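Report on the structure
Chain by chain, the residues:
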Amino acid sequence: MDLLRINTAGSVDDGKSTLIGRFLNDSNALTIEQEELIERKTKEKGLDDLDFSVITDGLIAEREQGITIDVAHIYFSSQKRKFIIADSPGHVEYTRNMVTGASNSEVSIILIDSRKGLLEQTYRHYFISNLLRLKTVVLCINKMDLVDYSEDTYLTIAAEINKMTSRFGYKPDIHILPISSLKGDNVVLHSDNMPWYSGQTLSEVLHNIKPGEAEVADFRFDVQQVLHVQNKEFTDYRAYAGRVISGSVSVGDEVTVLPSGIKSEVVELRRFTNTQQEVKTGESIQLRLKDDVDVSRGMILVKNEEESLLSKEISAKLVWLDEKQSVPGGRYLLQSGTRVVQCKLQQIEAVIPPENPEELHEATNLKLNDIAKVAIKTAAPAFLDAFENNRLNGAFILIDPQTNNTVGVGFSD
Amino acid sequence: MTHIQSHLKTLEDESIYIIREVVSQFQKPVLLFSGGKDSITLARLAQKAFYPAKIPFPFLHIDTGHNFPETIEFRDQLVEELGVELIVRYVQDSIDQKKVQEETGKYASRNSLQTVTLLDAIEEFGFDACMGGARRDEEKSRAKERIFSVRDDFGQWDSKKQRPELFNILNGKIHFGENVRAFPISNWTEEDVWNYIAQEGVGLPTIYFAHNRKLVKRDGAFLAHSDYLNLVDTDEIVETTVRFRTVGDMTCTAAFVSEANTIPDIMFENKSSKSSERGARIDDKRSEAALEQRKKGGYF
């Protein structure tokens, strides 16, 4: 069984929570407690159709205001696949949570109200999915029941979507589905109300995606920690514990330690009591080298040394995540994986309005939810790849050293 | 089986990465150990994260005094096997120091009193990171929890001020006096935990398996009969074969009538029952927001 991570997004009242509830219900994945809660709340509110939103809106403030504030994680599995759904709020002031949810997903589901068509939020969410290089984007035209299941409405909105997606250089796999979460059309079950639609249901789309295909990227290994053991069985055992960010490495391969540039040969790859010949992307392992070289946390092991990894000038796209605005030339900590270096936000080259990415404008400060092209100068190399070549080794966060908050997320060019 | 292992391996890789980050980013981490299956899973992951080195942090158990004796016995055996230091702090001491007051009445439980004892222990030892076995699939407000969750001096959780967590990047920077609650198995489900325990051949306290027990039947649920439970007239004392799906205090954890005494049987039964495991936690049923309110006050 494999694992697929999904992010859902949409404007307030687009019915994300209802969609997730419907998906779980029609997949027969709700617990008795959840079923009871839905029935009780539906009755309390005097609704005709079951109110599925109550199972995802977990915080008191959310139930009071009837909106989703924070990313909720929903877990369920079908016969074939395990799903982790990050349900992100669509409300504009919480867009940072959408970036958060999408950063750990392979698929983005964007909801569109059939009566309203594409809104500013839709453009913003698609832009973010694109910025984060998600492999699949599913655009669900929801509430089809409220437009009499009209094919014309579907086609008009689909044309708008195609216009939007054609503006970007990167194109994920795109699916456009007409659905009704409330009534259950094309979510898990094929709709009888839309005989003109012969495409896949949402459930089918999500089951047919090939997940977790390791990116074809060069070997990168972040050193988390040095383990040193001295006992009867392990005499003078020295290993580097960490996770393979990308690529693979085998026993016998020569690797380079950055920033020192010292080379050595891999002599052991260990997972607990087992040693193995090769390790791949995502594996948490211990790695031993032939020579006793200087390696510590914050260093990175690579197979092919590339000049660009050692650069201290980073050009990147940055999403500002903090209520406190950025300051010109502000000093921050830049963290990528386990590496933390001091940096200076050298220049804001342009702010990109996500709903209209061509219309760049200038700014001296970045506000919450701003997306900008920036130049950053670091005190030491951060060993970053270009995000489009290597997602995990191309992304970083900025930390405000005074508040310790995560104030920005960047994608290296 | 190979299919199951592939996603368990992904989850294991992620959890080990998180545990190693906790050890690297903090000065004084601790693992909160309850003796339940989730903290047992966490202990196993910690063992695998550092082997052949020993687990480089102590375990802390907040003992309510109302634990199942089987859990305590298992706890002591496990820490000896792993060679880790076990710190125990007692809710009874907090009661004796008049810091908390014992609840009274039919539903009296020491579950919520644990918070004070926990916060005192964090202060006493200066722990800056407490790892726990909470999972996001357990309950609605847990579903919103970050992997690194920053708490102030009073252990409070502010859901609106959570730091965004992006990609695999964990920001553990905190101010003096603050601490972090870290949840390495956030993305595991109950089913994953059972599968992993089966795969790894990890032992569990005997109360997880079907056994004969003296019980109190109350409001349609079976509670373990013990001196800690305040009995009322309507309570009915029965004896039957049961198991526990989740392990909390004897006063607030309901038993399931079951004959399942192997992990596959338990998993099959859990799946067909369609009920969630926290359904057996009487303390969560106090209100829809019971757990969120306790968490804001520093509960784990």
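None of the values given here were measured: they were computed from a predicted structure. Sequence order as written defines residue numbering, which begins from 1 separately in each chain. For this description, chains carry letters from A and ligands carry numbers from 1, given in the order in which they are written. Per-residue local features are limited, in this predicted model, to residues with pLDDT of at least 70; the limit for side-chain atom pairs, both in listing and counting, is 80 or more; totals at the level of whole chains, interfaces and linings are taken over all residues. Side-chain metrics rest on all non-hydrogen atoms present in the structure, leaving aside hydrogens and water.

1. A few points about the overall build of chain B
Numbering of helices and strands runs from the N terminus; a helix is a DSSP stretch of H or I covering at least four residues, while a strand is a stretch of E covering at least two. Across its full length, chain B holds 8 helices and 10 strands. For chain B, buried positions account for 63% of its 300 residues. Any two residues having at least one pair of non-hydrogen atoms within 4.5 Å are treated as being in contact. Within chain B, residue pairs in contact and separated by at least 24 positions form 74% of the contacts whose partners lie at least 6 positions apart. Partly exposed describes any residue whose relative accessible area lies between the buried limit of under 20% and the exposed limit of over 50%, with all areas from a 1.4 Å probe on protein chains only and scaled to the type maximum.

2. A word on helix 2 (residues 37-50) of chain B
Here, expected helix span is obtained from the residue count minus one, scaled by 1.5 Å. In this model, helix 2 of chain B (14 residues) spans 20 Å end to end at C-alpha, consistent with the 20 Å of a helix rising 1.5 Å per residue. Taken across its 14 residues, helix 2 of chain B has 13 buried, putting it largely inside the fold.

3. A look at the pairing of strand 6 (residues 179-182) of chain B
All names here are of chain B. By the alternation rule, side chains of strand 6 split into Asn179 and Arg181 and Val180 and Ala182, which are all buried. Here strand 4 (residues 129-131) runs beside strand 6; their pairing, made up of 3 bridges, is parallel. By the bridge assignment for strand 6, cysteine 130 is matched with arginine 181. Across 4 bridges, strand 5 (residues 148-151) lies against strand 6 in antiparallel orientation. Paired with valine 150 across the strands is valine 180, a residue of strand 6. Two strands form a pair only when DSSP identifies at least two bridges running between them.

4. Topic: the pattern of salt bridges
By salt bridge we mean one thing: a side-chain nitrogen of Lys or Arg within 4 Å of a carboxyl oxygen of Asp or Glu. Evaluation of the coordinates by the stated rule reveals 46 salt bridges over all chains. Where arginine 271 of chain A meets glutamate 12 of chain B, a salt bridge forms, and the shortest distance between an N and an O atom there is 2.7 Å. Highlighted residues: arginine 271 of chain A in strand 11 (residues 263-271) and glutamate 12 of chain B in helix 1 (residues 2-25), drawn from two different chains. By relative accessible area, which is 6% here, glutamate 12 of chain B ends up buried. Between glutamate 102 of chain B and arginine 110 of chain B there is a salt bridge, and its shortest N-O distance comes to 2.6 Å. Within this structure, Arg271 and Glu283 of chain A together with Lys9, Glu12, Asp13, Arg44, Lys48 and Glu200 of chain B form a network of salt bridges that share partners.

5. Comments concerning the sheet that holds strand 1 (residues 29-32) of chain B
Residues and elements named next belong to chain B. Spatially, 6 strands are ordered 3-2-1-4-6-5 in an open sheet, and the strand pairing comes out mixed. Two strands close off the open sheet at either side, each with one partner strand: strand 3 (86-90) and strand 5. Sheet twist, expressed as the mean angle between neighbouring strand axes with direction ignored, is 30 degrees. Bridge count for strand 1 against strand 4 is 3 bridges, and the pairing is parallel. Note that in strand 4 the partner of valine 30 across the bridge is cysteine 130. Axes here refer to lines fitted to C-alpha atoms; in helices the fit is confined to the stretch in contact. Angles between the N-to-C directions go from 0 to 180 degrees.

6. So, the domain arrangement of chain A
Think of interface size as the accessible area that goes away when the parts come together; that is how it is often given. Residue and element names in this part refer to chain A. Just so you know, the domain bounds were taken from an automatic or database domain assignment. You can read the domains of chain A as domain 1 (2-208), domain 2 (220-302) and domain 3 (307-412). Between the C-alpha centres of domain 1 and domain 3 there is a distance of 30 Å. Contact with domain 1, which involves 19 residues of that partner, is made by 19 residues of domain 3. Contact with domain 3 buries area across many residues of domain 1, yet Arg96, Phe127 and Leu131 alone supply 37% of it, more than any other trio. N or O atoms closer than or at 3.5 Å make up a polar contact, with two conditions inside protein: a donor-capable atom paired with an acceptor-capable one, and, for residues adjacent in sequence, both atoms drawn from side chains. Inspection of the domain 1/domain 3 interface yields 6 residue pairs in polar contact (both at pLDDT 80 or more). Secondary structure elements with two or more residues in the side of domain 1 that touches domain 3: helix 4 (95-103) and helix 5 (120-131). Ranked by residue count, the leading element in the side of domain 1 that touches domain 3 is helix 5, at 6 residues. Defined here as a combined quantity, buried area equals the accessible surface (1.4 Å probe) lost by two parts on assembly, summed across both.

7. Digging into the domain arrangement of chain B
All names here are of chain B. By the assigned domains, chain B splits into domain 1 (2-202 + 289-296) and domain 2 (206-283). Placing a centre on the C-alpha atoms of domain 1 and another on those of domain 2 gives a separation of 23 Å. At the interface, 31 residues of domain 1 touch 28 residues of domain 2. Of the roughly 2,600 Å² buried between domain 1 and domain 2 on both sides combined, carbon and sulfur atoms contribute 52%. Three residues stand out in domain 1 for area buried against domain 2, namely Phe68, Lys106 and Trp194, and they jointly supply 30% of the buried area on that side. Applying the counting rule to domain 1 against domain 2 returns 2 salt bridges. Residue arginine 245 is joined to glutamate 190 by a salt bridge in which the shortest nitrogen-to-oxygen separation is 2.8 Å. Where domain 1 touches domain 2, the interface holds 7 residue pairs in polar contact (both at pLDDT 80 or more). Listed by contribution, the elements that provide at least two residues to the side of domain 1 that touches domain 2 are helix 3 (69-82), helix 6 (190-200) and helix 8 (290-296). The residue inventory of the side of domain 1 that touches domain 2, partitioned by class, reads 9 nonpolar, 11 polar and 11 charged. Residue classes follow a fixed rule: Ala, Val, Leu, Ile, Met, Phe, Trp, Tyr, Cys and Pro count as nonpolar, while Asp, Glu, Lys and Arg count as charged, and any other residue, Gly among them, counts as polar.

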